[in-house]
Amino acid sequence: MTETVNNQALFRYVLALGDDALILGQRLSEWCSAGPFLEEDLALANVALDYLGRARMFFEYAARVEGGGRTEDDLAFGRTVREYHNHLLYELPRGDFAFTMARQLVVDLYNVEYLSALSNSRDETLAAIAARCLKESQYHLRRSREWVVRLGDGTDESHSRVQKAFDELWGYTHELFKPDKNEQALTEIGVAVDCCEIREKWNRQFDAILAEATLERPDDGWAIDGGRKGIHTEAFCSLLAELQYMQRAYPGLEW
Amino acid sequence: MNKVEQSMKTVDHMPLFEVFIRSRRGLDHKHVGSLHANSSEQALEYARDCYTRRSEGGSIWVVRSSDIVASQEEDASSFHDPMDDKPYRHAAHYVLPDAISNM
């Protein structure tokens, strides 16, 4: 890397990517032992683990960039609510199985495009992490795509549940395509991904899957953001309380 | 209905699949277990998630359990017993040349 990259900016960017992965991984892990049947329970827990692994890679790198002595664990467990910068979509309660799969489809489609782009980053570490995660996301997409089609083109109840899920989460998807100033600056020097650029491709694929699932694309209109600024939904606090409980109760505890 | 009953009811509607995995090129696919899935494509994905997370395999086969035709206990006398008194069908008396080490 050239020294034109501001370390603080890079730290914030990598940290936010780690937060996205950590928070979604935590949400998905709530399905462990509560899945609809054994095989799906295991498969979903595997996806959750992929995200936690992803979070570790980003946090480990963020800690290195920061160079202030904080570890990946400090970053994952030692911050307060406002210091987390994940997109709001990831922290929404897991809902029913249809909601979880609807969110996964949105996220998996997004991540396949995002990570493909990030694997061309000028930052070699980010490019390497992205290349690794891309393979996982391609597999996740296979799953969520199939489930959304199965539920959408299934019974009246499964159809209405997954349609409701998309209607509910739609307002949170716009934030994924809205870069903050920090990201924009890093995009200009070829480090970060231009998330506006992947929107069109995302739209096309999303619409095709929705059509196959006989679902309606929700209306645009209400849109919310704030995650990248550390402004969260109410549900985030209880998620964080559970996530951090062990390290708060026994600081520095190791397995 | 408790949770376990509910979950069993879910899989009642799903066919059972047998899973075979080949750990390395050149070896045979070995039966590793079974699982429930809604389609053969889904069965393949669940097989990946349930049986190969620790890189056990390079190739997976799934087949509907109902498509397997199996010999039955009552077939044993006509299928297997006649072989018992034909030791010459085994290679037991054949002495391996020294150069062959992997048999």
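Conventions adopted
- Every chain is numbered on its own, with residues counted from 1 as its sequence reads.
- Throughout, the order in which chains and ligands are written sets their labels, letters from A for the former and numbers from 1 for the latter.
- Owing to the predicted nature of the model, reporting of local features is limited to residues with pLDDT of at least 70; listing and counting of side-chain atom pairs is limited to 80 or more, with chain, interface and lining totals taken over all residues.
- Values shown for side chains rest on all heavy atoms present in the structure; no hydrogens or waters enter the calculation.
- What counts as a helix is a DSSP run of H or I of at least four residues, what counts as a strand is a run of E of at least two, and both are numbered from the N terminus.
- Exposed residues in this analysis have more than 50% of their type's maximum accessible area, buried residues have under 20%, and partly exposed residues fall in between, with area computed by a 1.4 Å probe over protein chains only.
- We call two residues in contact whenever any of their non-hydrogen atoms come within 4.5 Å of each other.
- Each accessible area value is a Shrake-Rupley result obtained with a 1.4 Å probe; residue values ignore everything except the protein chains displayed when judging cover.
- Between Lys or Arg on one side and Asp or Glu on the other, a salt bridge is scored when a side-chain nitrogen of the former is within 4 Å of a carboxyl oxygen of the latter.
- Each patch groups residues whose relative accessible area exceeds 30% and which form no salt bridge, using 9 Å between like charges and 5 Å between nonpolar side chains of Val, Leu, Ile, Met, Phe, Trp and Tyr.
- Positive residues here are Lys and Arg, negative ones are Asp and Glu, while His and the chain termini are left out of the count.
- To locate a charge, the coordinates of NZ of Lys, CZ of Arg, CG of Asp or CD of Glu are taken.
- Only centres within 6.5 Å qualify two rings of Phe, Tyr or Trp (six-membered ring in Trp) as a pair; their planes then separate them into stacked at under 30 degrees, edge-to-face at over 60, and tilted for everything else.
- The criterion for a charge sitting over a ring is simple: Lys NZ or Arg CZ within 6 Å of the ring centre, and within 35 degrees of the ring normal.
- Put simply, a nonpolar core is a bunch of buried Ala, Val, Leu, Ile, Met, Phe, Trp, Tyr and Cys residues held in one set by side-chain atoms that sit within 4.5 Å of each other.
- To define axes, lines are fitted to C-alpha atoms, for helices over the stretch in contact only, and angles between the resulting N-to-C directions are given on a 0 to 180 degree scale.
- Each angle is binned into one of four classes, with values under 35 degrees roughly parallel, values over 145 roughly antiparallel, values of 65 to 115 roughly perpendicular, and all other values oblique.
- Handedness of a crossing follows from how the near helix is turned relative to the far one, being left-handed for an anticlockwise turn of less than a right angle and right-handed for a clockwise one.

Section: the overall build of chain B
The helix and strand tally for chain B stands at 3 helices and 3 strands. The buried share among the 103 residues of chain B stands at 20%. For chain B, the proportion of contacts with a sequence separation of at least 24, taken over those separated by at least 6, is 43%. With the model as given, the accessible surface of chain B reaches about 8100 Å², and the carbon-plus-sulfur share is 52%.

Concerning the pattern of salt bridges
Pairs can form between side chains of opposite charge whenever their charged atoms are close. Residue and element names in this part refer to chain A. Counted according to the given criterion, the structure contains 22 salt bridges over all chains. With a closest N to O distance of 2.6 Å, K178 and D225 form a salt bridge. Taken as a pair, K178 in the loop between helix 6 (156-173) and helix 7 (181-188) and D225 in the loop between helix 8 (199-212) and helix 9 (235-249) lie far apart in primary sequence, 47 residues in all. A residue is classified by how much of its surface remains accessible, and K178, at 49% relative accessible area, is partly exposed. It is possible to trace a salt-bridge network through shared partners that takes in D20, E183 and R228.

Quick notes on a negative patch on the surface
Residues and elements named next belong to chain A. Together, D167, E216, D219 and D220 line one region of the surface with negative charge. Structurally, D219 is set in the loop between helix 8 and helix 9. What makes D219 exposed here is its relative accessible area of 69%.

Notes on the side chain of Q163(A)
In this fold, Q163(A) is placed in helix 6. Accessibility expressed as a relative area gives 11% for Q163(A), which makes it buried.

A closer look at the packing of aromatic side chains
Throughout the structure, instances matching the rule amount to 12 aromatic pairs over all chains. On the numbers, 5.9 Å between centres and 85° between planes, the contact of F37(A) with Y46(B) is edge-to-face. Of this pair, F37(A) sits in the loop between helix 1 (7-29) and helix 2 (38-66) while Y46(B) is found in helix 2 (residues 40-51), placing the two residues in two different chains. For the pair shown, F37(A) and Y46(B) are each scored as buried. Centre to centre, the rings of Y110(A) and F177(A) are 5.3 Å apart; their planes meet at 85°, and the pair counts as edge-to-face. With Y110(A) in helix 4 (residues 97-118) and F177(A) in the loop between helix 6 and helix 7, this residue pair connects regions lying 67 residues apart in the sequence. On the basis of relative accessible area, F177(A) is assigned to the buried category, the value being 6%. Of the aromatic side chains, those joined through ring pairs into one cluster are Y110(A), Y114(A), F166(A), W170(A), F177(A), W202(A) and F206(A). Note that R54(A) overlies the ring of Y51(A), its terminal NZ or CZ placed 4.6 Å from the centroid. The lysine or arginine in question, R150(A), covers the ring of W147(A), its NZ or CZ lying 5.6 Å from the ring centre.

Brief notes about the nonpolar core
The nonpolar side chains of soluble globular proteins are, as a tendency, buried together. Residues and elements named next belong to chain A. Membership of the largest hydrophobic core comes to 92 residues, with the highest contact counts inside it found for Y13, Y110, Y114, L118, L126, F166 and F206. Considering every element that reaches this core, the biggest residue donor is helix 4, with 14 residues. Beyond its immediate chain neighbours, meaning those up to four positions away, Y13 contacts Y114, L118, L126, N182, E183, L186, A192 and V193.

Things to note about the packing of helix 1 of chain A against helix 7 of chain A
All names here are of chain A. At a minimum axis distance of 10 Å, the contact between helix 1 and helix 7 shows a crossing angle of 110°. Considered as vectors, helix 1 and helix 7 are oriented roughly perpendicular to each other. Here the hand of the crossing between helix 1 and helix 7 comes out left-handed. Seen from helix 1, the contacting residues are A9, L10, R12 and Y13; seen from helix 7, they are N182, E183 and L186.

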